[in-house]
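# Working through the structure, step by step
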Amino acid sequence: MQKKYEAVVFDLLTALLDSWSLWSDVAGSREVGLRWRLRYLGLTYAAGRYRPYDDLVEQAAKEVELPGEVAKGLRSRWDDLKAWPEASRVLRALEGRFKLGVVTNTSEVLAQRAVKKVEARFDAVLSAERAGWYKPAGVPYEMLLQELGVEPGRTLYVAGSPLDIVGASAAGMDVVWHDRIGLARVYPATAALGAHPALWPVLEITGIAS
């Protein structure tokens, strides 16, 4: 029997990495960091064509009444990003069975630095800068699929936030939401394969674990 998926694609900064904690630490509190992070997500998802990532991070900070300098602080601490505890184990289980990809709303330099925090070999890593567009525009998803050489219907997408679900679904992929911090309570969104507070369900959905 042919397996349903040939590839598994991940959002990077929320689905695989705990960017929430870093934003909060730089901001000085969880509450302020969450406001800053969510405003940043709103700006990147509304941006469309790529504009400098650092500019959006700084703009988001100012809009939640943080000094713009925190954006520089975030960049200087970028290598403090940490993968979710189970991320490497889940990815190792997928390696060799599926093509693996990442599509992320960052600059190319920051994407390459961040992806090193995950212990996995990805077949393709696509930044918004390289795509020329921010998600949820269709271009980043389509480019990533082209680079992997797979059809959207044969690809599972692991989203990290609500509008990522919309974009990946519109691109024709099945979507599961890794909703680590419970955003679904505040920002209802529908992922075909549900919202989960951990990455383990990816193994069940792909048929590795049952």
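Described in the following lines is the structure provided in the data block. Just so you know, these numbers come straight off a predicted model, no measurement behind them.

### Here we look at the packing of aromatic side chains
For any pair of aromatic rings, the description rests on two quantities: the centre-to-centre distance and the angle between the ring planes. Overall, the coordinates contain seven aromatic pairs when judged by the stated rule. Here the aromatic rings of Trp23 and Tyr40 are separated by 5.3 Å at their centres, their planes lie at 35°, and the arrangement is tilted. In this pair, Trp23 is assigned in helix α1 (residues 19-27) and Tyr40 in helix α2 (residues 30-47), connecting sequence segments 17 residues apart. Pair check on accessibility: Trp23 and Tyr40 agree, each one buried. Aromatic ring contacts, followed pair by pair, group Trp23, Trp36, Tyr40, Tyr53 and Trp78 into a single cluster. Across the ring face of Trp20, the terminal group of Arg37 is positioned such that the distance to the ring centre comes to 5.1 Å.

### Comments concerning helix α6 (residues 108-115)
The complete set of buried residues in α6 reads Leu110, Ala111, Ala114 and Val115. For α6, the arc enclosing every buried residue in end-on projection is 125°, short of the 170-degree limit, so these residues lie on one face. Structurally, α6 contributes buried residues whose contacts are with α3 (53-63), α4 (70-76), β2 (99-104) and β3 (124-127).

### Description of the pairing of strand β1 (residues 7-10)
Burial of β1 is two-sided: the residues Ala7 and Val9 facing one way and the residues Val8 and Phe10 facing the other way are all buried. Two strands pair when backbone bridges link them, and β1 and β2 are joined in this way by four bridges, in the parallel orientation. Bridging across to β2, Val8 finds its partner in Leu100. Looking at chain direction, β1 and strand β4 (residues 155-159) are connected through four bridges and run parallel. Residue pairing in the sheet places Phe10 in a bridge with Val158 of β4.

### Here's the deal with the side chain of Glu86
Tracing the backbone through its elements, the reader meets Glu86 in the loop between α4 and α5 (87-94). At a separation of 2.6 Å, a polar atom in the side chain of Glu86 contacts the side chain of Arg180. Ignoring anything within four residues of it in the chain, the contact list for Glu86 reads His178, Arg180, Ala198, Leu199 and Trp200.

### Focus: the pattern of salt bridges
Applying the stated rule across the entire model yields 16 salt bridges. For Asp174, the salt bridge is made with Lys4, and the minimal N-O distance between the two is 3.0 Å. Of this pair, Asp174 sits in strand β5 (residues 174-178) while Lys4 sits in the segment before β1, placing them 170 residues apart in sequence. Judged by its relative accessible area of 51%, Lys4 is exposed.

### Quick word on the packing of α1 against α2
Orientation of α1 relative to α2, taken along the N-to-C sense of each, is 120°, at an axis distance of 7 Å. The orientation of α1 with respect to α2, classified from their angle, is oblique. Handedness of the α1/α2 crossing: right-handed. Here α1 contributes Ser19, Trp20, Trp23, Ser24, Val26 and Ala27 to the contact with α2, which in turn contributes Arg30, Val32, Gly33, Leu34, Trp36, Arg37, Leu38, Tyr40 and Leu41. Looking at side-chain class alone, the contact of α1 with α2 contains ten nonpolar, three polar and two charged residues.

### A closer look at the nonpolar core
Judged by nonpolar contacts, the single largest core of 75 residues is most densely connected at Phe10, Leu16, Trp36 and Leu94. Of the residues forming this core, the biggest block, six residues, is contributed by α2. Setting aside chain neighbours within four positions, we find Leu16 in contact with Phe10, Asp11, Ala83, Trp84, Ala87, Leu91, Val102, Val118, Phe122 and Leu199.

### Things to note about the sheet that holds β1
Ordered in space as β3-β2-β1-β4-β5-β6, the six strands form an open sheet in which the pairing is parallel. Across the chains shown, the open sheet's two edge strands, defined by having one partner strand only, are β3 and β6 (195-196). Bridging between β5 and β6 involves two bridges; their strand directions are parallel. When the sheet's bridge partners are listed, Trp177 is paired in β6 with Ala195. Of the strands in this sheet, β4 and β5 touch helix α9 (residues 162-170), which is tilted by about 170° from β5.

About the thresholds
Throughout, a residue's number is its position along its own chain's written sequence, starting from 1. Per-residue local features of the predicted model are confined to residues with pLDDT of at least 70, and side-chain atom pairs are confined, for both listing and counting, to 80 or more; whole-chain, interface and lining totals are unaffected and use all residues. Only hydrogens and water are removed before side-chain values are computed, so all heavy atoms of the structure are retained for them. For this analysis, a ring pair means two rings from Phe, Tyr or Trp (six-membered ring only for Trp) whose centres lie within 6.5 Å, classed as stacked if their planes differ by under 30 degrees, edge-to-face if by over 60, and tilted for the remaining angles. Note on conventions: DSSP H or I runs of at least 4 residues are helices, E runs of at least 2 residues are strands, and numbering of each starts at the N terminus. Residue burial is assigned from relative accessible area. The probe radius is 1.4 Å, only protein chains are included, and a residue is buried under 20% of its type maximum, exposed over 50%, and partly exposed in between. The criterion for a charge sitting over a ring is simple: Lys NZ or Arg CZ within 6 Å of the ring centre, and within 35 degrees of the ring normal. Throughout, the arc means the angular range of directions from the helix axis out to the C-beta atoms. In this description, contact between two residues means that some pair of their heavy atoms is separated by no more than 4.5 Å. Two strands pair if DSSP finds at least two bridges between them. As used in this structure description, the phrase polar contact means that two N or O atoms lie within 3.5 Å; if the pair is within protein, one of them must be able to donate a hydrogen and the other to accept it, and residues adjacent in sequence are counted only when both atoms belong to side chains. Each salt bridge in this description consists of a side-chain nitrogen of Lys or Arg and a carboxyl oxygen of Asp or Glu lying within 4 Å of one another. Only the stretch in contact is used when fitting a helix axis, every axis being a line fitted to C-alpha atoms; angles between N-to-C directions are given from 0 to 180 degrees. Any angle that falls under 35 degrees is termed roughly parallel, while one over 145 is termed roughly antiparallel, one within 65 to 115 roughly perpendicular, and all others oblique. The crossing is said to be left-handed when, going from far helix to near helix, the turn is anticlockwise and less than a right angle, and right-handed when the turn is clockwise. Throughout, the ten residues Ala, Val, Leu, Ile, Met, Phe, Trp, Tyr, Cys and Pro are labelled nonpolar, Asp, Glu, Lys and Arg are labelled charged, and all others, Gly among them, are labelled polar. In these notes, a set of buried Ala, Val, Leu, Ile, Met, Phe, Trp, Tyr and Cys residues joined through side-chain atoms within 4.5 Å is what counts as a nonpolar core.

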